[in-house]
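So you can see what is in the structure, the chains are spelled out below.
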Amino acid sequence: MTTTPMAPLVPSFVQNAWWTPSDPAAGTPVLDANTGEQLATVDSSGLDLAAMVDYARTVGQRELGKLTLHERALKLKELAQFLNGRREELYEMSFRTGATKIDSMVDIDGGIGVLFTFSSKGRRELPNSNVILDGPMEVLSRDGSFAGEHIYTRIPGVAAQINAFNFPVWGMLEKFAPAFIAGVPTIAKPATPTGYVAEGMVRLMVESGILPEGSIQLISGSARTLLDVLDYRDMLSFTGSASTASSLKSHRNVVDGGVRFTAETDSLNAAILGPDAVVGTPEFDAFVKSVVTEMTVKAGQKCTAIRRTIVPAALVDDVVKAVGERIEQRVVIGDPRAEGVTMGALASLEQLRDVRAAVEAMVAAGGEIAYGTLDAPVVRTAEGEQKLVDAGAFMSPLLLTWDDVNNEAVHSLEAFGPVSSVIGYSDLDDAIRLAAMGSGSLVATVCTNDPETARTLSVGIASHHGRVHMLNRETARSSTGHGSPVPHLVHGGPGRAGGGEELGGIRSVKHHMQRTAIQGSPNMLTAVTGIWHTGADRVSAGSAEFGAVEGAIHPFRKSLAELNIGDAFASPLREVTLEEITAFAKETGDTFYAHTDQAAAEANPFFPGIVAHGYLLVSWAAGLFVQPAPGPVLANYGLENLRFITPVPAGDSIRVTLTAKKITPRVTDEYGEVVWDAVINNQAGEIVATYDVLTLVEKENTTYANWA
């Protein structure tokens, strides 16, 4: 190891300013994983963690709270666009961690991609407010005057996030993005060996000027007492070893103090090869490719990497041979700055020692190295030379086999590097049993082209895994891969994997929120949620016979600036005739007997005889409430929650009441979305149908304001 005197300190970002301790010599050295050269020093001595938490709870909460969910989601898009233009700076840092260009793309581009995804999903799936409704209203009184429902609001504290060394950018941003949309400030604590890359990302985020003050703070160095200053208002998200997660989970402020705790830890993930996927099939080839990829991307330093390769016992030798041949053909070990290198160093010399020690323990327990060696490999240096390097944390990919597939060591010891064990199974039940012996994992792959095998294995192992990745010839080219969590789906797993859930789209935003049951009158529920509830007040235009207010303007003539929740239209009655029902049946081809055959319809327990088509009634309802002249309503883009409740025979009449239920202005457009509560009643007041009408409405009544 070579050292540079007075190596620069990796700073922390604290209370909107960069901070370093007074004594740079007291910190922990950080080395280039490829050369052993000292890059920097990391130290957090003297950092006031309590002040950081207080700042987040006050300034961060206040500034984030000034924005709606949509506005925060849009800022994530702006931030992602800014970072996209500065990726090369981060690549240069990432190379020093042993990451290849592909590895860096997974980490850096993947992290930026998470921001884009959450921005999009936040604006599509969440309201443009700070209250999220969870489920329908529950009527709690006979007359409907007292009701209840559930809402989500952001937690009032900080999201403290402890991240692992293997993905210093992605690991940080996949936690930051949902917390930010929820409106909860982040304190990020990256792992020391690669924390300088996380610091580089935070520096760019701050430089962008896009984030509200207090959105993010960074701890470079130790944060052992962080949990001491957190309480029930806060959340701690941890990624790392199972032993550290267990220690954090047992802290008094988690056990007794109510700190929300979620963990994503190491796990003995499996890939299962189906009996049909023999040598020469597309599935066998895809399986081998997946195993090699998971062994060598990030030098196998992935919590999702394949540690147990579970295959039919008769195919163990074939799999070992095929994996070894692909490694020989495709894998070049060396400094990732060198041309042609496909696998870099482990993140640190300490990590190299840990991986070698784990392999030695597995061999001592009965494992046999079937491919590769623990000896230092010949590597390609940054200068393009092939030679042994003393200082770098390089290691060859290794495959182990086991005579005793039930050996506890293969299902409990993890070498967090380019190492996998090939294990033979006798039948599908045995494969399921072996996969479950990992005591809970983040992900498993099932590789088969037989649907019944896929069903049996996937259902059999699902309760032991956070994600099941099914691989066959249909997905071999399009799959994101065994080891690639995507922001749309849950990332986590039971048991040893930590028991937590991250990502999962909007689910992860809600992890940073409190679900609360609220009770009250429909008017009070409407006031809290910003969504009209049945029974709440409304101002109706239209038919005076059905409650219209004199002088009220038809809500379709109102822009978003003029429209209010509860603005409504009550239509007059329209009679239904047999001739119209018959004509609709002939015109549409919908000649179902309930609309065309009196005797058959009468014999049906649901109908009194021939009845009107449900879609005919919905069409008539549109005719009863629509305003024909151009105006603020630009388009109808669908119906939701349509239910037909009471049949309508010829001679009955219908009317419709339309109420502005939910108004969502779009941050980036000159229009927004309005959801209208639509109820069709018959002449007796019975409910015929209920549904939501979705429209796009101008923010200001400008386009057609002068329409004659």
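What you are looking at is a predicted structure, and each value in this text was computed from that prediction instead of being measured.

1. Regarding the environment of Ala364
1) Next: Position of Ala364 among the secondary structure elements: in helix H11 (residues 349-364).
2) Next: Judged by its relative accessible area of 70%, Ala364 is exposed.
3) Next: Note: C-alpha distance between Ala364 and Ala409 (45 residues apart in sequence) is 9.5 Å.

2. With respect to the pattern of salt bridges
1) Next: What the rule picks out here adds up to 28 salt bridges.
2) Next: The partner of Asp567 in a salt bridge is Lys558, and the shortest N-O contact between them spans 2.8 Å. Pair check on accessibility: Asp567 and Lys558 agree, each one buried.

3. Considerations on the side chain of Arg57
1) Next: Residue placement: Arg57 occurs in helix H1 (residues 49-65).
2) Next: Among the polar contacts made by the side chain of Arg57, one reaches the side chain of Asp231 at a distance of 3.5 Å.

4. Thoughts on the sheet that holds strand S20 (residues 465-471)
As a general point, the strands of a sheet are linked pairwise by backbone hydrogen bonds and lie either parallel or antiparallel.
1) Next: The strand order across the open sheet formed by seven strands is S14-S17-S18-S13-S12-S19-S20, and the pairing between neighbours is mixed. In this open sheet, the two edge strands, each paired with only one partner strand, are strand S14 (367-371) and S20. Each adjacent strand pair in this sheet contributes to an overall mean axis angle of 25°, direction not counted.
2) Next: Summarising the sheet, strand S12 (residues 270-273) and strand S19 (residues 441-447) pair through four bridges and their orientation is parallel. Residue pairing in the sheet places Ile272 in a bridge with Val446 of S19.
3) Next: Those strands touched by helix H14 (residues 451-462) are S12, S19 and S20, and its axis lies near 165° from that of S20.

5. Some remarks on the packing of aromatic side chains
1) Next: Under the counting rule described, the total for this entry stands at eight aromatic pairs.
2) Next: With 5.9 Å between their ring centres and 80° between their planes, Phe165 and Phe416 make a pair best called edge-to-face. One end of the pair, Phe165, is in the loop between strand S7 (159-162) and helix H5 (170-182); the other, Phe416, is in the loop between helix H12 (408-412) and strand S18 (419-425), with 251 residues separating them in the sequence. The burial state of Phe165 is the same as that of Phe416; both residues are buried.
3) Next: A centroid spacing of 5.6 Å and a plane angle of 85° characterise the contact between Tyr615 and Phe644, whose relative ring orientation is edge-to-face. Here Tyr615 is found in helix H19 (residues 614-625), whereas its partner Phe644 is found in strand S27 (residues 633-644), with 29 residues between them in sequence.
4) Next: Given a relative accessible area of 53%, Tyr615 falls into the exposed group.
5) Next: Overall, the relative accessible area of 41% leaves Phe644 in the partly exposed class.
6) Next: Among the aromatic residues, ring-to-ring pairing joins Phe556, Phe625 and Trp676 into one connected group.

6. Description of the nonpolar core
1) Next: Leu273, Val319 and Val323 are the most contacted members of the largest nonpolar core, which has 62 residues in total.
2) Next: The greatest single-element share of this core, amounting to seven residues, is contributed by helix H9 (residues 282-296).
3) Next: Non-local contacts of Val323, meaning those with residues more than four positions away in its chain, are made with Val288, Val291, Val292, Met295 and Leu399.
4) Next: In terms of nonpolar packing, the next biggest core, distinct from the first, is built from 55 residues, Ala73, Leu83, Leu90 and Val114 among them.

7. Points about the packing of helix H17 (residues 578-588) against H19
Each pair of packed helices can be summarised by the angle the axes make with each other and by the distance between the axes.
1) Next: Put simply, H17 and H19 touch, their axes get as near as 10 Å, and they point 110° apart. With respect to each other, H17 and H19 are oriented roughly perpendicular. Facing Glu580, Ile581 and Phe584 of H17, the residues of H19 in contact are Tyr615, Leu616 and Trp620.
2) Next: Residues that form the contact of H17 with H19 fall into these classes: five nonpolar, no polar and one charged.

Conventions and cut-offs
Residues numbered from 1 in each chain as written. Predicted model: local features only at pLDDT ≥ 70, side-chain atom pairs only at ≥ 80, totals over all residues. Heavy atoms only, no water. Helix = DSSP H or I, 4+ residues; strand = E, 2+ residues; numbered from the N terminus. Buried < 20%, exposed > 50% of the residue type's maximum accessible area, 1.4 Å probe, protein only. Salt bridge = Lys/Arg side-chain N within 4 Å of Asp/Glu carboxyl O. Polar contact = N/O pair within 3.5 Å; in protein donor to acceptor, adjacent residues only side chain to side chain. Pairing = 2+ DSSP bridges. Axes fitted to C-alpha atoms, helices over the stretch in contact; angles between N-to-C directions. Contact = heavy atoms within 4.5 Å. Phe/Tyr/Trp six-rings, centres within 6.5 Å; stacked < 30°, edge-to-face > 60°. Core = buried A, V, L, I, M, F, W, Y, C linked by side-chain atoms within 4.5 Å. Parallel < 35°, antiparallel > 145°, perpendicular 65-115°, else oblique. Nonpolar A, V, L, I, M, F, W, Y, C, P; charged D, E, K, R; others polar.

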